Amino acid sequence: MTWVAAVARLRARRESGVLVTVATVRGHAPRNAGAKLVVGQNETWGSIGGGNVEAVAIDRAREVIVADRPEPELIDFALNDKVTNRHGVQCCGGTVSVLLEPLPVVRAVAIFGVGHVGLELARILARQDLDLHLIDTRSDILTEERLDVLADAVAQVHVHHTPLLPEEVLAELPRGTHVLIMTHDHAEDAALCDTALRTAHLGSIGLIGSTAKWGRFRALLANEGGHDEATIDRIKTPIGLTDITGKEPATIAVSVAADLLRAFETEGS
């Protein structure tokens, strides 16, 4: 498997890893500059030459995988018999620098309702390195022609057409997915809020709407849903930056995206 395919496999599995690259070589070494190795928590793909260099790189990569805030780093190796190595002697005679680049699990965002605001929001978030899930009950909203504006997305875009029960998608979303609820139907919104609060593996939950709408929803979630106040408070509404008050779909989308990206920064600090 190529290193590109290995990185793609880790992303698809939503597993973190490290890309290890021979950055520089002076003198003799097992592999030339540019050789790559992908390290996962339990597997590796490729090789940077074996021996002590590779074994140390794998050990360090697995420490990076579990670090709180992993950063790229360089490790230098002298390949001679006078150096005490952790995993045996390599006496090729040269020196090698190895670059370790963390491959974190990308964030996931789910937009329930891809109407005017939802599509504008998808256009913005598609420029981020995300797993972006778009869910709607209306097939005409999810046509290839309409979603063609996302054709050059940086994000991995996943489209879900759910004609009957969009809340069923919540259980299928990756752990930590940030959920934004903005469908065309308040009954759908209410069902999604109720199910989202019962789905423990999700990240943040945001709901578009007015103060009056949220008042009705709070009562419904408490009286019919049986949720306590602390649980209901997991839902953020209104979503977006409070000092951006415009009502155009693109303006609302910018506000919501900016608020979400700010939350990402706080989450990562």
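Above this text is the structure in question.
Notes on the structure follow. (Residues numbered from 1 in each chain as written. Predicted model: local features only at pLDDT ≥ 70, side-chain atom pairs only at ≥ 80, totals over all residues. Heavy atoms only, no water.)

Further remarks concern the overall build of the chain. If you tally the helices and strands in the chain, you get seven helices and eleven strands. In terms of C-alpha radius of gyration, the chain reaches 24 Å, well past the compact-globule figure of 18 Å for 269 residues. Projected onto its principal axes, the C-alpha positions of the chain cover 75 × 40 × 35 Å. Across the 269 residues that make up the chain, the buried fraction comes to 41%. Of the contacts formed within the chain by residues at least 6 apart in sequence, a portion of 65% connects residues at least 24 apart. Computed over 26 positive and 36 negative side-chain charges, the inter-centroid distance for the chain is 5 Å. (Helix = DSSP H or I, 4+ residues; strand = E, 2+ residues; numbered from the N terminus. Rg over C-alpha atoms; globule rule 2.2 N^0.38 Å. Buried < 20%, exposed > 50% of the residue type's maximum accessible area, 1.4 Å probe, protein only. Contact = heavy atoms within 4.5 Å. Lys, Arg positive; Asp, Glu negative; His and termini not counted. Charge placed at Lys NZ, Arg CZ, Asp CG, Glu CD.)

This part is about the pattern of salt bridges. The full count for this structure, using the stated rule, is 16 salt bridges. The salt bridge partner of aspartate 129 is arginine 11, with a shortest N-O separation of 2.6 Å. With a gap of 118 residues between them, aspartate 129 in the loop between α3 (116-125) and β7 (130-136) and arginine 11 in helix α1 (residues 3-13) connect regions that are remote in the sequence. On the basis of relative accessibility, which here comes to 22%, the residue arginine 11 falls in the partly exposed class. For aspartate 189, the salt bridge goes to lysine 213, with nearest N and O atoms at 2.7 Å. Highlighted residues: aspartate 189 in helix α4 (residues 186-197) and lysine 213 in helix α5 (residues 211-223), separated in sequence by 24 residues. Judged by its relative accessible area of 0%, aspartate 189 is buried. Salt bridges sharing partners connect three or more residues here, namely Arg11, Arg14, Asp129 and Asp131. (Salt bridge = Lys/Arg side-chain N within 4 Å of Asp/Glu carboxyl O.)

Here we have five strands laid out as an open sheet, ordered β3-β2-β1-β5-β4, and antiparallel in their pairing. The sheet is open, and its two borders are formed by β3 (44-46) and β4 (73-78), each paired with just one other strand. Pairs of neighbouring strands in the sheet enclose a mean axial angle of 20°, with direction left out of account. Two elements, strand β1 (residues 17-26) and strand β5 (residues 95-103), share nine bridges in a ladder whose sense is antiparallel. The residue bridging threonine 21 from the neighbouring strand is leucine 99, located in β5. Where α1 meets the sheet, it contacts β1, β2 (36-40), β3 and β5, and its direction lies at approximately 20° from that of β2. Each of β1, β2, β3, β4 and β5 touches helix α2 (residues 51-65); the most contacted strand, β2, lies at about 40° to it. (Pairing = 2+ DSSP bridges. Axes fitted to C-alpha atoms, helices over the stretch in contact; angles between N-to-C directions.)

This paragraph deals with the environment of isoleucine 244. Looking at the element boundaries, isoleucine 244 is found in the loop between β11 (235-236) and α7 (249-267). C-alpha of isoleucine 244 to C-alpha of valine 256: the two residues are twelve residues apart in sequence and 9.6 Å apart in space. Dropping the residues within four chain positions of it, isoleucine 244 is found in contact with Thr251 and Ser255.

For the rest of this paragraph, the subject is the packing of α3 against α7. α7 packs onto α3 with a crossing angle of 50° between their chain directions and a minimal axis gap of 8 Å. On the basis of the axis angle, α3 is oblique to α7. Helix-helix and strand crossings are classified by hand; for α3 and α7 the assignment is right-handed. Of α7, the residues touching α3 (which contributes His116, Val117, Glu120, Leu121, Ile124 and Leu125) are Pro249, Ala250, Ile252, Ala253, Val254, Val256, Ala257 and Leu260. Its residues assigned to classes, the contact of α3 with α7 comprises twelve nonpolar, one polar and one charged. (Parallel < 35°, antiparallel > 145°, perpendicular 65-115°, else oblique. Left-handed = near helix turned anticlockwise from the far one by under 90°. Nonpolar A, V, L, I, M, F, W, Y, C, P; charged D, E, K, R; others polar.)

On to unusual backbone geometry. Of note, the amide linkage connecting threonine 237 to proline 238 takes the cis form, showing an omega dihedral of -5°. With respect to the helices, strands and loops of the structure, proline 238 is situated in the loop between β11 and α7. Unlike most non-glycine residues, arginine 14 shows phi in positive territory, near 55°. Counting through the fold element by element, arginine 14 comes out in the loop between α1 and β1. For arginine 14, a relative accessible area of 22% corresponds to the partly exposed category.

This brings us to the layout of surface pockets. If you add up the space inside the largest pocket, you get close to 1,000 Å³. As for the largest pocket, its lining consists of 35 residues, of which Leu103, Pro104, Val105, Val106 and Arg107 are closest to the centre. Looking at the lining of the largest pocket, the elements with two or more residues in it are α1, β1, α2, β5, β6 (107-112) and α7. Along the lines of polarity and charge, the residues of the lining of the largest pocket split into 17 nonpolar, seven polar and eleven charged. Looking at the second largest pocket, its volume works out to about 300 Å³. Partitioning the lining of the second largest pocket into residue classes produces six nonpolar, seven polar and one charged. (1 Å grid on protein atoms, 1.4 Å probe; cavity = no way out; pocket = protein on both sides within 12 Å on 5 of 7 lines; lining within 4 Å. Points joined across faces, edges and corners; volume = space filled by probe spheres on them.)

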